[in-house]
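Summary of the model geometry
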Amino acid sequence: MRKSEIVVLILAVIVFVIGLVGHLAGASYANSDYFGYFAAPVPFVLALISFIAFKYAAAHDSDEH
């Protein structure tokens, strides 16, 4: 694996974890207002990290093997 593939993989895992925390926060929003604050910025954060991963992968994409 090349370094760029590892970076994109790490960003994908971070997006997964943030999505999971956001899902749990959204599910418990009815029980606690404080935990619900974590759910509000999750779509923006996921979009931002996904955009960074896409740009990084595109910049380091090559056909050399």
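Whatever comes next refers back to the structure up there.
Residues numbered from 1 in each chain as written. Predicted model: local features only at pLDDT ≥ 70, side-chain atom pairs only at ≥ 80, totals over all residues. Heavy atoms only, no water.

1. Comments concerning the overall build of the protein
A tally of helices and strands in the protein yields three helices and zero strands. For the protein, the sequential pattern of α-helices and β-strands runs α-α-α. Within the protein, the fraction of its 65 residues that count as buried is 15%. For the protein, the proportion of contacts with a sequence separation of at least 24, taken over those separated by at least 6, is 66%. Split by element, the accessible area of the protein, about 5100 Å² in all, is 71% carbon and sulfur. (Helix = DSSP H or I, 4+ residues; strand = E, 2+ residues; numbered from the N terminus. Buried < 20%, exposed > 50% of the residue type's maximum accessible area, 1.4 Å probe, protein only. Contact = heavy atoms within 4.5 Å. Areas by Shrake-Rupley, 256 points an atom, 1.4 Å probe, with all protein chains shown as cover.)

2. Details of the environment of Tyr56
Structurally, Tyr56 is set in helix α3 (residues 42-59). Under the relative-accessibility criterion, Tyr56 is labelled partly exposed at 23%. Residues Tyr56 and Glu5, 51 residues apart in the sequence, show an inter-C-alpha distance of 9.6 Å. Apart from residues no more than four positions distant in its own chain, Tyr56 is found in contact with Lys3, Ser4, Val7 and Val8.

3. A closer look at the pattern of salt bridges
Within this structure, the stated rule accounts for one salt bridge. Arg2 is paired through a salt bridge with Glu5; the nearest N and O atoms lie 3.7 Å apart. When its relative accessible area of 33% is taken as the criterion, Arg2 is described as partly exposed. Residue classification places Glu5 among the partly exposed residues on the basis of a relative accessible area of 35%. (Salt bridge = Lys/Arg side-chain N within 4 Å of Asp/Glu carboxyl O.)

4. Focus: α3
Each turn of an α-helix holds 3.6 residues, which means side chains three or four residues apart point in the same direction. Look at α3: 26 Å from first C-alpha to last across 18 residues, which is about the 26 Å you get at 1.5 Å a residue. Every buried residue of α3 is accounted for by Val42, Ile49 and Ala53. Down the axis of α3, the buried set is contained in an arc of 45 degrees. They therefore lie on one face. Counted as exposed and oriented over 90 degrees from the buried face of α3: Pro43, Phe44, Phe54 and Ala59. (Expected span 1.5 Å × (residues − 1). Arc of directions from axis to C-beta.)

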